[in-house]
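Single-letter residue listing:
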Amino acid sequence: MADTILVVVEQREGKLNRASWETITAGQAIAAATGWALEAAVVGGSTASIAAEVAAKKVAKVYAVDSAKLEPYTPDAFAAALKQFLAAKQPKLVVMPHTYQVRDFVPKLATAMGRTVISDCIGFKHEGGKLVFTRQMFQGKLAADVSFTSDAPWFATFQNGAFRGDKAESGASVAPVEIVNVEIADGVIRNKPQEVFKEAKQAVDLTQAEIIVAVGRGIKEQKNIEIAKQLADALGGDLAASRPICDSGWLPMDRQIGSSGQTVAPKLYLALGISGAIQHIVGMKGARTIIAVNKDAEAPIFEIADYAIVGNLFDIVPPLTEEVKKAKAGS
Amino acid sequence: MLIFRKPLEGIERPQMPADVVIVGGGPAGMACALRLAQLVDAHNAAYPENQLSKENIYVLEKAREIGQHCLSGALLDPRAIRELLPDFEKDAPLDAKVTKEAVYFLTEKSKFKFPITPPFLRDHGNYVISLNRFVKWLGGKVEETGITVFTGFAGSELLFDGDRVTGVRTDDKGIDKEGHQKSNFEPGYDLNAKVVILAEGPRGSLTKQLISKFDLAKNANPQTYGVGVKELWEVPAGRIAAGEVIYTMGWPLTTHEYGGAWIYGSKGDGSNNVVSLGFVTGLDYADPRLDPQRVLQEFKRHPFVTKLLEGGKMIRYGAKSMPYGGWWAIPPVAGNGWMILGDSAGFLNSARLKGIHLAIKSGMLAAETAFEALIKDDSSAATLGEFQKKVESSWIKEELWKVRNLHQGFERGMFAGMFHTALQMITGGRGLRNRYPAKAGYENMRKLAELPADGGAEAHLLGPAKGDGKLTFDKLTDLYHSGTKHEEDQPSHLVIRDTNICNTRCVKEFGSPCQNFCPANVYEMVDDASQPNGKRISLNPSNCVHCKTCDIADPYQIITWVPPEGGGGPNYDGM
């Protein structure tokens, strides 16, 4: 039997990941260089439409590896399904896109089969009958050539952008699609997927805020941040902080203002208990109006403040919040 | 809870073979790499049938860019660079030739000029340079040879096989504050090298690991250090000429402390001059409240200096420690698989305040030895030991031998020091005996209870500088001008063996000197009612400027500086 390259494309909730086209281009290039056959597989709960999409490309065959237990995605189910399929199919080389999902299950799959993965490759070479993969080391300073010494199947993943998806050749005719039903025994899937986590897209975009209430070390304790939050809420503004506060984990780092945080230019900036080290000031000096509250009359924040309140923020902020509320209620 | 950086255990790391790994891309490391390339090229030209490759010679540099962590005064004695690159004057970034020099003794309000400049402070023929730009230039030459400089990669530990150094492990990247792997985690590499060359600068962390593992310092004097705190200023033209060199002794230090200042005039853009000024404070002072950054601020308040800087602008800030101990404090510099260069070994002439030329020379000699090792394919102590002999028969020893007892003479204060210096000058460095003993600087630190509560004669040097924002600056303002930056979410690279000592003993006995000697506000004692003294140590590792003062000066010797995630650190553009 001729050696086979199997491209495992990636789908999630019935949608094909665009990196898959790049992997098909890679597979086609390896097939052209080695003379091996190229086939593709799609793994999931209902893969028919994606399999048809892939079948239009120049591949010998497309497998739809199917099981209701593959939906939603879990690394246990994917590793189990592919192990079963690959053991029966015995391809020489399995290639996949280096996506988060693949990074999640492919180490488990390869280990379960006693094989290794050459991951995050940026290219390949076929020299003297030997297939060699190129991957970056030292943050791209060096390119290392790596090859397999183990038995097939070999696993390799390609970095996003290593090949061009739009260069994937279409086939002369539509490739046949074979549906492969895999059995995943009860108890195999130990993962319980939760709701898909969307990377908090900067939960607060402080650069767009018109009013910012920022707290510094003078707030003393984490529980006191509530005092500032109430003022921010009353004003309809956002809460921010200087570095020591975020450093202590009292507020998330995306609320940090300064040279190691965000640079902001709101209409109003209230600095509560912030001494005003230059590291903080560079992040907020563009504010139109700066009101600073600090116990220490010598605090450098007062040099750039438009309104300086020398005093204890615990005495000043709560009444201020009340006044703001009253004024807003009155208007 | 503080979590400290250490290489992860139980993970698989990429292995990479190497011929030579040079840890640290400063003047010593770069000179070593360049000399090695020259030797390999000459060999390949002479023996076309027996080619040596430069491909597996690597330089590790923790800074994001070459030269970014290099700081010095700096005056360059061109002796070594001329040997390395005879044509260096054509394209090296040399700011000015030294045209004028003077040494002053300062009292609080006035100054006395030394009638003659002592021979070791004569600088004609030397150049004012920015070490940052100089190393950038030198590193460019190294890269042209085909040797790879891994910027952004630090050496995190040495690899051993019995009594042999077999390689270097680079830093793990993508570890969060708690020590967990982040999504961008990348394990450090194991570079398995035939020859490992340590050129980490003063108090190198791998050098420290090596010295303690093989007890290399047992026959040497303890190394003693100073910390140089530097500011770069732009001042109106005419105040100081490019190439003008001024040294001062005395004020603001008292006769109890060792140290002095430099002021070097450099080129500006026509309407102004750039001035490099800094103060070196010996890290063997007695009062734990003394603050070297404050010493520099007090120095600037002397009328002589104020007049020079008036109307000018501070543009950069930084700090670096320097090894003072001299010839007797240098440990063995070569062994089975390893060599030590430059400041890491202690090749610094403390009388002349110069080490760059010695760093370069030591790098060149080590390159010659490494080349021999590659030719013979033997990097055992028998081959690399040649480096030790080369140093001892070179002008490195000749120069350091004359001042071998200099700093030790100052252990009993300035007047004793001047007496010994004079005597040593007459006797070729010998003084009263061939080898003066020394003790480590931190042993001189005294407990608060033994010191006057008001600071006595040192009162003006104690505690944080206030700063007027024009001439003088508080530490955070100065620090901002170092441009230092680190990934915030990583374990602390200031490794404290036992923070209980900080919270219970040190705060009481010494009043937490880390807050004072650190020129970058890394250490802070914060209120904590649950602690017996109401204070708890808190660290701001991302402020660090990599000067290693904490590792050196801490009286309990419980702080170890290790490199943070590669790429982090100061930005010493033009320093």
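Residues numbered from 1 in each chain as written. Chains lettered and ligands numbered in written order. Predicted model: local features only at pLDDT ≥ 70, side-chain atom pairs only at ≥ 80, totals over all residues.

**Remarks on the overall build of chain A**
Secondary structure summary: chain A contains nine helices and 16 strands in total. Overall size of chain A, expressed as C-alpha extent along the three principal axes, is 85 × 45 × 35 Å. Taken across its 331 residues, chain A has 43% of its residues classed as buried. When contacts within chain A are restricted to residue pairs at least 6 apart in sequence, long-range pairs at least 24 apart make up 64% of them. (Helix = DSSP H or I, 4+ residues; strand = E, 2+ residues; numbered from the N terminus. Buried ≥ 20, exposed ≤ 12 C-beta atoms within 10 Å, placed from the backbone. Contact = placed C-beta atoms within 7 Å.)

**Some remarks on the overall build of chain B**
On a plain count of helices and strands, chain B comes out with 17 helices and 24 strands. Along the longest, intermediate and shortest principal axes, the C-alpha atoms of chain B span 70 × 60 × 50 Å. Among the 575 residues that make up chain B, the fraction classed as buried is 55%. Considering only contacts within chain B whose residues lie at least 6 apart along the sequence, 77% involve residues at least 24 apart.

**Quick notes on the domain arrangement of chain B**
Residue and element names in this part refer to chain B. Segmentation of chain B into domains returns domain 1 (17-45 + 52-73 + 135-222 + 327-401), domain 2 (95-131 + 223-323) and domain 3 (406-441). For domain 2 versus domain 3, the distance between C-alpha centres works out to 23 Å. Opposite the eight residues of domain 2 that make contact, domain 3 presents eight residues. When grouped by side-chain class, the residues that make up the side of domain 2 that touches domain 3 number three nonpolar, four polar and one charged. (Domains from an automatic or database assignment. Nonpolar A, V, L, I, M, F, W, Y, C, P; charged D, E, K, R; others polar.)

**Let's talk about the pairing of strand β10 (residues 164-170) of chain B**
All names here are of chain B. The buried count for β10 comes to five of seven residues, which makes it a mostly enclosed element. Relative to β10, strand β9 (residues 155-161) runs antiparallel, the two sharing six bridges. Within the sheet, the bridge partner assigned to leucine 159 lies in β10 and is glycine 167. Taking the residues between adjacent antiparallel strands as the criterion, β9 and β10 are bridged by two residues, where glycine 162 takes a positive phi near 60°. (Pairing = 2+ DSSP bridges.)

**Re helix α2 (residues 48-55) of chain A**
Residue and element names in this part refer to chain A. For α2, the set of buried residues is Ile50, Ala51 and Val54. Relative to the axis of α2, the buried residues are bounded by an arc of 100° and lie together on one face. As for α2, its buried residues are in contact with β1 (4-9), β2 (11-12), β3 (15-16), β4 (37-44), β5 (61-66) and β11 (177-181). (Arc of directions from axis to C-beta.)

**As for the interface of chain B and chain A**
If you look at the interface, chain B gives eleven residues, while chain A gives eleven residues. If you list the elements that add at least two residues to the side of chain B that touches chain A, you get β8 (148-151) and α14 (475-480) of chain B. When residues of the side of chain B that touches chain A are assigned to their parent elements, the largest contribution, three residues, is made by α14(B). Looking at side-chain class alone, the side of chain B that touches chain A contains five nonpolar, four polar and two charged residues.

**Side note on the domain arrangement of chain A**
By domain assignment, chain A separates into domain 1 (4-181) and domain 2 (206-330). One C-alpha centre belongs to domain 1 of chain A, the other to domain 2 of chain A, and the line joining them spans 52 Å.

**Describing the nonpolar core**
Of all hydrophobic cores here, the largest spans 199 residues; its most connected members are Ala214(A), Leu272(A), Val21(B), Cys32(B), Ala33(B), Ile197(B) and Leu341(B). When residues in this core are grouped by element, the largest group, twelve residues, is from helix α9 (residues 356-376) of chain B. The contact partners of Ile197(B), leaving out residues within four places of it in the chain, are Val20(B), Ile22(B), Val23(B), Cys32(B), Met339(B), Leu341(B), Ala366(B) and Ala370(B). Membership of the second largest hydrophobic core comes to 55 residues, among which are Ile5(A), Ala31(A), Val65(A) and Val102(A). (Core = buried A, V, L, I, M, F, W, Y, C linked by C-beta atoms within 7 Å.)

**Section: the packing of α9(B) against helix α10 (residues 381-392) of chain B**
All names here are of chain B. As a packed pair, α9 and α10 sit with axes 9 Å apart at the nearest point and diverge in direction by 155°. Taken together, the axes of α9 and α10 lie roughly antiparallel to each other. As α9 runs across α10, the sense of the crossing is right-handed. Across the interface between the two elements, Ser362, Leu365, Ala366, Glu368, Thr369, Glu372, Ala373 and Lys376 of α9 pack against Thr383, Leu384, Glu386, Phe387, Lys390 and Val391 of α10. A breakdown of the residues in the contact of α9 with α10 according to their chemical character gives six nonpolar, three polar and five charged. (Axes fitted to C-alpha atoms, helices over the stretch in contact; angles between N-to-C directions. Parallel < 35°, antiparallel > 145°, perpendicular 65-115°, else oblique. Left-handed = near helix turned anticlockwise from the far one by under 90°.)

**Comments concerning the sheet that holds strand β16 (residues 259-266) of chain B**
Residues and elements named next belong to chain B. One open sheet holds the seven strands; their spatial order is β6-β5-β15-β16-β17-β14-β18, and the pairing between them is mixed. Edge positions in the open sheet fall to β6 (111-113) and β18 (313-323), since each of these has one partner strand only. With direction set aside, neighbouring strand axes in the sheet form an average angle of 20°. Here strand β5 (residues 100-106) runs beside β6; their pairing, made up of three bridges, is antiparallel. Paired with phenylalanine 105 across the two strands is phenylalanine 112, which belongs to β6. Contacting β14 (225-236), β16 and β17 (272-282), helix α6 (residues 292-300) crosses the sheet at an angle of about 130° to β17.

**Here's the deal with the environment of Leu131(A)**
All names here are of chain A. With respect to the secondary-structure elements, leucine 131 resides in strand β8 (residues 130-137). Look at leucine 131 and you get partly exposed, because 19 C-beta atoms sit within 10 Å. Sequence separation between leucine 131 and arginine 12 is 119 residues; the distance between their C-alpha atoms is 30 Å. Setting aside anything within four residues of it in sequence, one finds leucine 131 in contact with Thr34, Phe124, His126 and Ser147.

**With respect to the sheet that holds strand β13 (residues 238-241) of chain A**
Residue and element names in this part refer to chain A. Taken together, five strands build an open sheet; the order of strands is β13-β12-β14-β15-β16 and the sheet is parallel. Whereas interior strands pair on both sides, the edge strands pair on one side only; in this sheet they are β13 and β16 (307-310). Going from strand to strand, the sheet's axes swing by 15° on average, the running direction of each strand aside. Against the sheet, helix α5 (residues 225-235) touches β12 (211-215), β13 and β14 (268-272), its axis set at about 175° to β12.

**A closer look at the packing of helix α1 (residues 27-46) of chain B against helix α4 (residues 131-144) of chain B**
All names here are of chain B. Following both chains from N to C, one finds α1 and α4 inclined at 25°, their axes separated by 9 Å at the closest point. One finds that α1 runs roughly parallel with respect to α4. Our pair here, α1 against α4, has a crossing hand that is left-handed. Where α1 abuts α4, its residues Pro27, Met30, Ala31, Ala33, Leu34 and Ala37 lie against Val135, Leu138, Gly139, Lys141 and Val142. Classifying every residue of the contact of α1 with α4 by side-chain character gives nine nonpolar, one polar and one charged.

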